[in-house]
Amino acid sequence: MASRQRVEATPWAALASVGVAILVVVAFMLTAGFDVSSAAAAAFRGAFGSPFAVISATLKRAVPLMTVGLAVAVAFRAGVLNVGGEGQFLMGAVAAAAVGQAFPALPAPLAILVPIGAGVVTGGVWAGVAAVLKRYGGATEVVTTLLLNLIAVQVVGYLVRGPLQEPTGAYPQSAELPGAMHLPLLIDGQRLHAGFVGAIAMIAFAWWSFRYSAAGFRSLVTGMNPNAAAVSGRIDVTALQARALILSGMIAGLAGAVEVAGVTYSVYDGIASGVGYTAIAVALLGNLNPPGILGAAVLFGALGAGADAMQRDAGVPAELGTMFAALVVLAVLVTQVVRQSRRPISASES
């Protein structure tokens, strides 16, 4: 059985992928008749034009991308292609909102820890469905996690129009979390919350774990060549990959809970806004490496803030940001295929 190659991008491939995506987006804008210079100026103002733009737009948007990007990396490094970050994020958000409605008078610090913990557990359980199907049923995780994304969207739609709907019944969203459950803001007058500090701490811990811990080494070896890991390293590959998928889901669920506790304070249709899919581009662009994921998350946070400003000030559809993310993923995959086609086939892969 051939070994499964990890999907990743070298620094040069990452830069090339971004460059290609920019060129395609610019070409599309020119073809559609948009003023590229005005759009670019609006995007820069929206992402970096003021302290508020940097802190409350770019960095705030980067927080879920850092966290879900790290979730993707945890799975991908172990050779598990978890594309279910979107659904795991949604279920974590729903869990946090449900705890807020069920236990509105929790004392500090439980008022923050319990909703966040519920999001972590629920995200792990949601990913655990795919992990069980993979380990005991041989189901491909790409298919199962993608289908679970679709189910999660429907679950959210039902809950915000049913059991979790706000008391007036006028809006398809949950009731707002009690104030004691809101994450504190880092700077007065800005919208960046304490989840940013938590995301940076997770990035730092993951960097250490990937480089220096035995668990990180076993995950790396398994992702590079599961056959060699099983035979030479005596690693239980199926168990390790199941744990990696569940841990990935827990991290993505954490991101959903943090988004509710720190930004939206309620759950509604579209709360994820494609963050789970954009996070795949973040992880690949960051070469599945925590510092790279941090940089890529800030980049995509800036793109999101800039896309909103382009739509507001220059009339350019904000969906171009999603298009950019998809083009980055496509370019990374193309470079991966080219690299693999040029690499000699070893005996273990024949």
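Everything below is about the structure printed above this text.
Fair warning: this is a prediction, and the values are worked out from it, not measured in the lab.

(A) Spotlight on the side chain of Asn 225. Take Asn 225: it is sitting in the loop between helix H8 (214-224) and helix H9 (226-231). Side-chain polar atoms of Asn 225 contact the backbone nitrogen of Asn 227, separated by 3.2 Å. Of the polar contacts made by the side chain of Asn 225, one reaches the backbone nitrogen of Ala 228; its length is 3.0 Å.

(B) Seen up close, the packing of helix H5 (residues 110-137) against helix H6 (residues 141-159). Where H5 meets H6, the axes come as close as 9 Å, and the angle between the chain directions of the two elements is 150 degrees. One way to sum up the angle between H5 and H6 is to call them roughly antiparallel. Taken as a pair, H5 and H6 cross one another with a handedness that is right-handed. Mapping the contact onto sequence places Trp 126, Val 129, Ala 130, Leu 133 and Lys 134 in H5 and Glu 141, Thr 144, Thr 145, Leu 148, Ile 151 and Ala 152 in H6. Across the contact of H5 with H6, the residue classes tally to seven nonpolar, two polar and two charged.

(C) Representation of the side chain of Ser 17 in the model. Relative to the assigned elements, Ser 17 resides in helix H1 (residues 11-31). Apart from residues lying up to four places away in sequence, Ser 17 is in contact with Val 328, Ala 331 and Val 332.

(D) Fine view of the pattern of salt bridges. Within this structure, the stated rule accounts for six salt bridges. Two residues, Arg 61 and Asp 308, come together in a salt bridge whose shortest N-O distance is 2.0 Å. Taken together, the residues span a long stretch of sequence, with Arg 61 in helix H3 (residues 51-77) and Asp 308 in helix H12 (residues 290-314) at a distance of 247 residues. Judged by relative accessible area, Asp 308 falls into the partly exposed class, the value being 30%. In this structure, the salt-bridge partner of Arg 135 is Asp 236, at a minimum N-O distance of 3.8 Å. Taken together, the residues span a long stretch of sequence, with Arg 135 in helix H5 and Asp 236 in the loop between H9 and helix H10 (237-264) at a distance of 101 residues. Judged by its relative accessible area of 36%, Arg 135 falls in the partly exposed class. Here Asp 236 falls in the partly exposed class, since its relative accessible area comes to 42%. Residues joined by salt bridges that share partners form a network here, namely Arg 45, Arg 312 and Asp 313.

Cut-offs and rules
Residues numbered from 1 in each chain as written. Predicted model: local features only at pLDDT ≥ 70, side-chain atom pairs only at ≥ 80, totals over all residues. Heavy atoms only, no water. Helix = DSSP H or I, 4+ residues; strand = E, 2+ residues; numbered from the N terminus. Polar contact = N/O pair within 3.5 Å; in protein donor to acceptor, adjacent residues only side chain to side chain. Axes fitted to C-alpha atoms, helices over the stretch in contact; angles between N-to-C directions. Parallel < 35°, antiparallel > 145°, perpendicular 65-115°, else oblique. Left-handed = near helix turned anticlockwise from the far one by under 90°. Contact = heavy atoms within 4.5 Å. Nonpolar A, V, L, I, M, F, W, Y, C, P; charged D, E, K, R; others polar. Salt bridge = Lys/Arg side-chain N within 4 Å of Asp/Glu carboxyl O. Buried < 20%, exposed > 50% of the residue type's maximum accessible area, 1.4 Å probe, protein only.

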